[in-house]
Amino acid sequence: MRTPFSLRLFSAMPAPARIALALFALAAFVWVPVAHLMLPADHALHLSAYWVSLLGKILCYMVVAVAMDLIWGYAGILSLGHGMFFALGGYAFGMYLMRQIGRDGSYGADLPDFMVFLAWKELPWYWTGSDSFLWAAFLAMALPGVVAFVFGWFAFRSRIKGVYFSIITQALTYAAMLLFFRNETGFGGNNGFTDFKRIFGYSITAPETRVALFALSALLLILCLLLGRYLVTSRFGRVLAAIRDAESRVMFIGYNPLHYKLFIWTLSAVLCGIAGALYVPQVGIINPSEMSPANSIEIAVWVAVGGRGTLVGAVVGAGVVNLAKTWFTVSFPEYWPFVLGFLFIAVTLFMPQGIVGLARRLFARRAASGAAPATRVGHAPEPESEPVGGPAAVKGAGA
């Protein structure tokens, strides 16, 4: 019987990575459910609903960071528009959540409340099928994927890259944000989608639902890391790295960079869409501000802080920056933009390889310093070997 692909990929990982992944899975699938559902609220290890939702949101951000690292760290494509793909996935699944409200809204109508307020009489044609979970899940992946594929096809065929590509993606995101701000688009305008009631017939605020969404987010992150490692260590990943370092040389030896860049770009957008779909029910709202260019720039900061081109660095960066943001926005909200800017400048100047790169250098330095004394403390060096017969034999021959 053949070993499942996921197990073969897991066994091929280095031992420290396997241990870290196993510990993360144990914490996500065992400790969090037990701490939130079984331990009493006054217990020292109890995990409140606030922390479960916050950690679930950060897990979704980590998936987005891994998606960004795949294109920036391994393909050299800096996108400032991934916030749009994230929001498109959120809006696609948010339509399903809005339909699940039914007549429990403020107006007691079959239409979402914002449509009743705007005097709409029926759902727009593009809301067709939005009451189906399967259609919503498909749309959360297909919509960002199609937009990314079409945009990438024209951009990569025109060989647009570097800062020009980044500026165009930022402009595209800004245009999408302005479009979704308009009430006549049928996506809630400035307020977006909110006041969700249920998912699969279960209350969206129930503790069991909250834990299930958290576990799905953790599972998605694990799968993204395994998929990312498989891609970057394969022949495809080596070609992708070659395109990043010297695209003209790759073309000279017969490869077409368009296909490689378009695939990883589209895949990255799809991963962002899935993360957005899981983000919305945990946060309880999706609005056009998620498409703001500042959010897309912040995604790039996560990867830079953690260390691009490492996958795990994207996870670390997203976790560190968002935990810091959570604390600062509560304690010193006016200082957070300055802290974020200072953090990005400091990482660029003093830690160009990010937190993971710094940790690797420190471990390598410690290993080198530990190996040096071993050569001094060991046995004394053996004397050089003499010719057969020794000095006396040589003297005797001379006599």
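Preceding this section is the structure that the text describes.
This is a predicted model, so every value here is computed, not measured. (Residues numbered from 1 in each chain as written. Predicted model: local features only at pLDDT ≥ 70, side-chain atom pairs only at ≥ 80, totals over all residues. Heavy atoms only, no water.)

Chemist: Help me out: how do you make sense of the environment of Ala304 in this one?
Modeler: Note that Ala304 resides in helix H12 (residues 293-306). Distance from Ala304 to Asp69, taken between C-alpha atoms, is 9.0 Å for residues 235 residues apart in sequence. Among residues more than four places away in sequence, those in contact with Ala304 are Trp72, Phe344, Val347 and Gly354. (Helix = DSSP H or I, 4+ residues; strand = E, 2+ residues; numbered from the N terminus. Contact = heavy atoms within 4.5 Å.)

Chemist: Any chance you could explain the side chain of Thr266 here in plain terms?
Modeler: Looking at the element boundaries, Thr266 is found in helix H11 (residues 257-283). On the basis of relative accessible area, Thr266 is assigned to the buried category, the value being 16%. Leave out the neighbours within four places in its chain, and Thr266 touches Gly145, Ala148 and Phe149. (Buried < 20%, exposed > 50% of the residue type's maximum accessible area, 1.4 Å probe, protein only.)

Chemist: Please explain the environment of Asn256 as it appears in this structure.
Modeler: Its location among the elements puts Asn256 in the loop between helix H10 (247-252) and H11. Distance in space between the C-alpha atoms of Asn256 and Ile243 is 9.5 Å, their sequence separation being 13 residues.

Chemist: Please clarify how helix H13 (residues 312-331) should be interpreted in this entry.
Modeler: Think of an α-helix as turning once every 3.6 residues; residues three or four places apart then point the same way. The end-to-end C-alpha distance of H13, which contains 20 residues, comes to 29 Å, matching closely the 28 Å that a straight helix rising 1.5 Å per residue would cover. Looking only at H13, the buried set comprises Gly313, Ala314, Val315, Gly317, Ala318, Gly319, Val321, Asn322, Thr326 and Phe328. (Expected span 1.5 Å × (residues − 1).)

Chemist: How should I be thinking about a nonpolar patch on the surface in this particular structure?
Modeler: Among the surface-exposed residues, Ile19, Leu23, Leu26, Phe29, Val30, Val34, Leu37, Met38, Leu216, Leu219 and Leu223 lie close enough to one another that they form a single nonpolar patch of about 1,000 Å² accessible area. Here the nonpolar patch gets 8 residues from one element, more than from any other, and that element is helix H2 (residues 15-38). Structurally, Phe29 is set in helix H2. By relative accessible area, Phe29 is classed as partly exposed at 36%. (Patch = residues over 30% accessible without salt bridge, like charges linked within 9 Å, V, L, I, M, F, W, Y side chains within 5 Å. Areas by Shrake-Rupley, 256 points an atom, 1.4 Å probe, with all protein chains shown as cover. Salt bridge = Lys/Arg side-chain N within 4 Å of Asp/Glu carboxyl O.)

Chemist: I would appreciate a short explanation of the pattern of salt bridges in the present structure.
Modeler: Pairing is possible between side chains that carry opposite charge, provided their charged atoms lie close to one another. Tallying each qualifying case throughout the model produces 8 salt bridges. In this structure, Glu247 engages Lys161 in a salt bridge whose closest nitrogen and oxygen atoms are separated by 3.5 Å. Linking Glu247 in helix H10 with Lys161 in the loop between helix H6 (133-157) and helix H7 (163-181), this pair joins segments that are 86 residues apart in sequence. Classification of Glu247 by relative accessible area gives buried; the value is 11%. Here Arg244 makes a salt bridge to Asp245, at a shortest N to O gap of 3.0 Å. A residue is classified by how much of its surface remains accessible, and Arg244, at 34% relative accessible area, is partly exposed. Linked through salt bridges whose partners overlap, the residues forming this network are Lys161, Glu247 and Lys261.

Chemist: I tried to follow the nonpolar core on my own but got confused; where do I start?
Modeler: The biggest cluster of nonpolar side chains holds 108 residues, and the ones touching the most others in it are Phe193, Ile264 and Trp265. Ranked by the residues each element gives to this core, the list is headed by helix H3 (residues 49-72), at 16 residues. Setting aside chain neighbours within four positions, we find Trp265 in contact with Ile71, Ile77, Ser79, His82, Phe85, Ala148, Phe151, Gly152, Phe156, Phe165 and Thr169. (Core = buried A, V, L, I, M, F, W, Y, C linked by side-chain atoms within 4.5 Å.)

Limitation: the analysis is restricted to geometry and does not speak to function.
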